[in-house]
Amino acid sequence: MSKETVAIKSKKVDEVTDLLKAASSIVVVDYRGLTVAEVTDLRKQLRDEGVKMEVIKNKILDRASVKAGFEGLKDTFNGPTAVAFSSEDPIAGPKIIHNFAKTNDALQMKGGVIDGEVASLDEITAYAALPSREELLSTLANILQAPVRNFAYGVKAIADKKTI
């Protein structure tokens, strides 16, 4: 192998290492059997939520995961491998991939990383079941609004009763 090729591969390992370190959650999947349209749909859903999905060679992933301190991921790098990197919302990537896998049997989650810790498939599935950030904020707003709303209903009921 030429020095130029080694330099290119080394640069790619460094790029993937940076992606692994910067991500709040990572999901490793086997996409074998998905059609081009299905992969395009999955990528669009992920992109809309700020999640980046890349198909990366297993050897590069293997070296980058060791460099990033995620040696536990090495077992997931076999066969066709794609990796989804969530940098904004840590729940977005696992949730989208989990929901997509429910309707597309060809997509198989292999493992991943959540908040800097290598996670098993069961942990990622449990994480995907959590409500999204927007859902949590909506619930919080409803909870905070409820006492004021109930007070307003009470005052309105008293006012209606006195006018009768």
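Please read all numbers here as calculations on a predicted model, not as lab measurements.

## Brief notes about the overall build of the protein
For step 1, the next point in the chain: Per the secondary structure count, the protein includes six helices and five strands.
For step 2, the next point in the chain: Radius of gyration (C-alpha) of the protein: 22 Å, far over the 15 Å computed for a compact globule of 164 residues.
For step 3, the next point in the chain: If one aligns the C-alpha atoms of the protein with their principal axes, the spans along those axes are about 90 × 30 × 25 Å.
For step 4, the next point in the chain: Of all 164 residues assigned to the protein, the portion counted as buried reaches 37%.
For step 5, the next point in the chain: Residue pairs at least 24 apart in sequence account for 78% of intrachain contacts in the protein once pairs closer than 6 positions are excluded.

## Re a negative patch on the surface
For step 1, the next point in the chain: On the surface, a cluster of negative charge is contributed by Glu-49, Glu-88, Glu-134 and Glu-135.
For step 2, the next point in the chain: Relative to the helices and strands, Glu-88 is located in the loop between strand E3 (82-86) and helix H4 (92-103).

## Observations regarding the pattern of salt bridges
For step 1, the next point in the chain: The final tally for this structure, using the stated rule, is seven salt bridges.
For step 2, the next point in the chain: A single network of salt bridges, built from pairs that share partners, joins Lys-12, Lys-52 and Glu-54.

## Focus: helix H3 (residues 58-68)
For step 1, the next point in the chain: All of the buried residues in H3 are Ile-60, Leu-61, Asp-62, Ala-64, Ser-65 and Ala-68.
For step 2, the next point in the chain: Where the residues of H3 are buried, they touch helix H1 (3-22) and E3.
For step 3, the next point in the chain: Phi for Gly-69, located one or two positions after H3, is positive at around 90°.

## What to know about the packing of H4 against helix H5 (residues 121-128)
For step 1, the next point in the chain: At a minimum axis separation of 8 Å, H4 and H5 run at an interaxial angle of 95°. When the axis of H4 is compared with that of H5, the two are roughly perpendicular. In this structure, H4 uses Pro-94, Lys-95 and His-98 to contact H5, whose residues at the interface are Ile-124, Thr-125, Tyr-127 and Ala-128.

## Overview of the side chain of Ser-86
For step 1, the next point in the chain: Structurally, Ser-86 can be placed in strand E3.
For step 2, the next point in the chain: For Ser-86, a relative accessible area of 1% corresponds to the buried category.
For step 3, the next point in the chain: A polar side-chain atom of Ser-86 sits 3.2 Å from the main-chain amide nitrogen of Gly-93.
For step 4, the next point in the chain: Leaving out residues up to four positions away in the same chain, Ser-86 has contacts with Ala-23, Ser-24, Ser-25, Val-51, Ala-92, Gly-93 and Pro-94.

Parameters at a glance
Residues numbered from 1 in each chain as written. Predicted model: local features only at pLDDT ≥ 70, side-chain atom pairs only at ≥ 80, totals over all residues. Heavy atoms only, no water. Helix = DSSP H or I, 4+ residues; strand = E, 2+ residues; numbered from the N terminus. Rg over C-alpha atoms; globule rule 2.2 N^0.38 Å. Buried < 20%, exposed > 50% of the residue type's maximum accessible area, 1.4 Å probe, protein only. Contact = heavy atoms within 4.5 Å. Patch = residues over 30% accessible without salt bridge, like charges linked within 9 Å, V, L, I, M, F, W, Y side chains within 5 Å. Areas by Shrake-Rupley, 256 points an atom, 1.4 Å probe, with all protein chains shown as cover. Salt bridge = Lys/Arg side-chain N within 4 Å of Asp/Glu carboxyl O. Lys, Arg positive; Asp, Glu negative; His and termini not counted. Charge placed at Lys NZ, Arg CZ, Asp CG, Glu CD. Axes fitted to C-alpha atoms, helices over the stretch in contact; angles between N-to-C directions. Parallel < 35°, antiparallel > 145°, perpendicular 65-115°, else oblique. Polar contact = N/O pair within 3.5 Å; in protein donor to acceptor, adjacent residues only side chain to side chain.

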